[in-house]
Amino acid sequence: EHTLVAKKLLTLAIVNREGRVLLGLKKRGFGEGYYNGFGGKVEVGETVEAAARRELQEEAVIIAGNIKKQGLLTFHFDDKPQPWEVHVFNVLDYNGEPCETDEMSPQWFSHDQIPFDKMWKDDEIWYPHFLAGHLFQGEFFFRNTHHLDSYNFDVVSKL
Ligand code: 6OG
C-alpha cells in the first residue's frame with residue numbers, strides 16, 4: 001500500500017528596499033515570537049505569486065509592485081507528515097504603509113542588523129544570498145520543530 005504525502009505550499013515575501021528589509025514579529029501561530037517575512041499557505045486555484053501578494057497584504061497591509069522569486073526552500077519536520085515547500089519572493093517596491101496586524105508587527109532592519117537570534121535557524125544560511133540577489137534552493141531538516149539537524153543548500157541559475 002502507498003501513502004501519498006503531498007507537499008504543503010507556502011510563500012514568504014521579504015521587502016528589500018534601500019539597504020533594509022521589512023520583517024514582522026509573528027504574534028501568533030506557527031513561528032510565534034520569531035521575526036520573519038510575510039507569507040502563508042497557497043490556496044486551491046491560486047498561483048504562488050498571487051498567494052505571496054495576498055499574504056503580504058493581509059499581514060503587513062501593503063500592496064506589492066514588482067516582485068522577484070528568488071528562493072525555493074523545503075522544510076522537513078520530524079513531527080509533521082508533509083514537507084513544506086516555501087517560495088521566497090523579494091518585494092522590490094510596494095504601495096501603502098506597513099501596519100501592525102493581528103498576525104505581525106512590522107519592523108525595518110538594516111542588512112547588517114538582521115535579528116538572526118530571533119529567527120528560524122535556516123535564515124542565517126540563505127539571507128546572505130537573498131540580499132546579494134542570488135537565486136537559491138535549499139532543503140532543511142528540523143527536529144522538534146525548532147532544531148536544525150542538517151541541510152543542503154545551493155545557489156542556482158534558474159528556479
Ligand atoms: P502561516 O502559518 O503564517 O505560514 N516558514 C518559515 N520561514 C522561515 N524563514 N523558516 C522556516 O523554517 C519556516 N517555516 C515556515 C512560511 C507560515 C509562514 O512561515 C514561513 C510562511 O510564510 C522552518 O500561514
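Note that this is a predicted model, so its numbers are computed, not measured.

**Here we look at the pairing of strand 5 (residues 67-77)**
Step number 1: Of all 11 residues making up strand 5, eight are buried, and the element is well covered by its neighbours.
Step number 2: The antiparallel pairing of strand 5 with strand 6 (residues 84-91) creates a hairpin that spans six residues between the two strands.
Step number 3: With seven bridges connecting them, strand 5 and strand 9 (residues 135-143) associate as parallel partners. For Leu72, the partnering residue across the bridge sits in strand 9 and is Gln137.

**As for the environment of His146**
Step number 1: Looking at where His146 falls in the secondary structure, it is placed in the loop between strand 9 and strand 10 (147-156).
Step number 2: The spacing of His146 and Phe116 is 30 residues in sequence and 14 Å in space, taken between C-alpha atoms.
Step number 3: For His146, the contacting residues outside a window of four places in its chain are Tyr34, Trp120 and Lys121.

**Quick notes on the layout of surface pockets**
Step number 1: Size it by volume and the largest pocket reaches roughly 560 Å³.
Step number 2: As for the largest pocket, its lining consists of 31 residues, and the residues nearest its centre are Leu10, Lys26, Phe30, Gly39 and Gly40.
Step number 3: Sorting the residues of the lining of the largest pocket by element identifies strand 1 (8-17), helix 1 (48-60), strand 5, strand 6 and helix 2 (123-131) as the ones contributing at least two each.
Step number 4: No other element matches strand 1, which puts four residues into the lining of the largest pocket.
Step number 5: Each residue belonging to the lining of the largest pocket can be placed in one class, and the counts come to 14 nonpolar, seven polar and 10 charged.

**Considerations on the pattern of salt bridges**
Step number 1: Applying the stated criterion across every chain yields a total of 11 salt bridges.
Step number 2: Notably, a salt bridge pairs Glu103 with Arg28, separated by 3.6 Å at the nearest N-O pair. Here the residue Glu103 occupies a position in the loop between strand 7 (94-95) and strand 8 (104-110), and Arg28 occupies one in the loop between strand 2 (20-26) and strand 3 (35-36), the gap between them amounting to 75 residues.
Step number 3: We note a salt bridge from Arg53 to Glu49, for which the minimum N-O separation is 3.0 Å. On the criterion of helical spacing, the pair formed by Arg53 and Glu49 is a turn pair, its members being four residues apart in helix 1.
Step number 4: Overlapping salt bridges bring together Glu43, Glu46, Arg54, Glu55 and Glu58 as one network.

**Structural notes on the environment of Glu124**
Step number 1: Within the secondary structure, Glu124 sits in helix 2.
Step number 2: On the basis of relative accessibility, which here comes to 41%, the residue Glu124 falls in the partly exposed class.
Step number 3: Here the alpha-carbon distance between Glu124 and Phe136, two residues 12 residues apart in the chain, equals 13 Å.

**Side note on unusual backbone geometry**
Step number 1: The phi torsion at Glu18 lies on the positive side, around 50 degrees, for a residue other than glycine.
Step number 2: Here Glu18 is to be found in the loop between strand 1 and strand 2.

**Some remarks on the site of the ligand**
Step number 1: In the region of the ligand, 18 residues are neighbours, and Thr11, Lys26, Asn36, Asp122 and Asp123 sit closest.
Step number 2: Interatomic distance of 2.9 Å between a side-chain N/O atom of Asp122 and an oxygen atom of the ligand.
Step number 3: Most atoms of the ligand, that is more than half of them, are within 2 Å of grid points of the largest pocket.
Step number 4: Looking at the shell around the ligand, the elements that each hand over two or more residues are strand 1, strand 5 and helix 2.
Step number 5: With three residues, the top contributor of residues to the shell around the ligand is strand 1.
Step number 6: For the shell around the ligand, the per-class residue count stands at nine nonpolar, four polar and five charged.

Calculation rules
- Once a new chain begins, its residue numbering starts again from 1 and follows that chain's sequence as written.
- Where local features are concerned, this predicted model is filtered to residues with pLDDT of at least 70; where side-chain atom pairs are given and counted, the filter is 80 or more; whole-chain, interface and lining totals use all residues.
- Excluded from the side-chain calculations are hydrogens and water; all other atoms, namely the structure's heavy atoms, are used.
- Working definition: with a 1.4 Å probe on protein chains only, accessible area under 20% of the residue-type maximum means buried, over 50% means exposed, and in between means partly exposed.
- Segments assigned H or I by DSSP are reported as helices when at least four residues long, segments assigned E as strands when at least two residues long, and all are numbered from the N terminus.
- When DSSP finds at least two bridges between two strands, those strands are taken to pair.
- Note on contacts: a residue pair qualifies if any of its non-hydrogen atoms lie within 4.5 Å across the two residues.
- The pocket and cavity definitions rest on a 1 Å grid over protein atoms only: a 1.4 Å probe that fits but cannot leave marks a cavity, an open set with protein on both sides within 12 Å along at least five of seven lines marks a pocket, and residues lining either have an atom within 4 Å of a point.
- Grid points are joined across faces, edges and corners, and a volume is the space filled by probe spheres set on the points.
- Under the convention adopted here, Pro, Cys and the residues Ala, Val, Leu, Ile, Met, Phe, Trp and Tyr are nonpolar, Asp, Glu, Lys and Arg are charged, and Gly plus all remaining residues are polar.
- Salt bridges are defined as contacts in which a side-chain nitrogen from Lys or Arg sits within 4 Å of a carboxyl oxygen from Asp or Glu.
- Whether a residue is near a molecule or strand depends on its heavy atoms: it is near if one of them lies within 4 Å of it.
- Within 3.5 Å is the distance limit for a polar contact, defined as a pair of N or O atoms, with the added protein rule that one can donate a hydrogen and the other accept it, and that residues adjacent in sequence qualify only through two side-chain atoms.
- More than half of a molecule's atoms lying within 2 Å of a cavity's or pocket's grid points is what places that molecule inside it.

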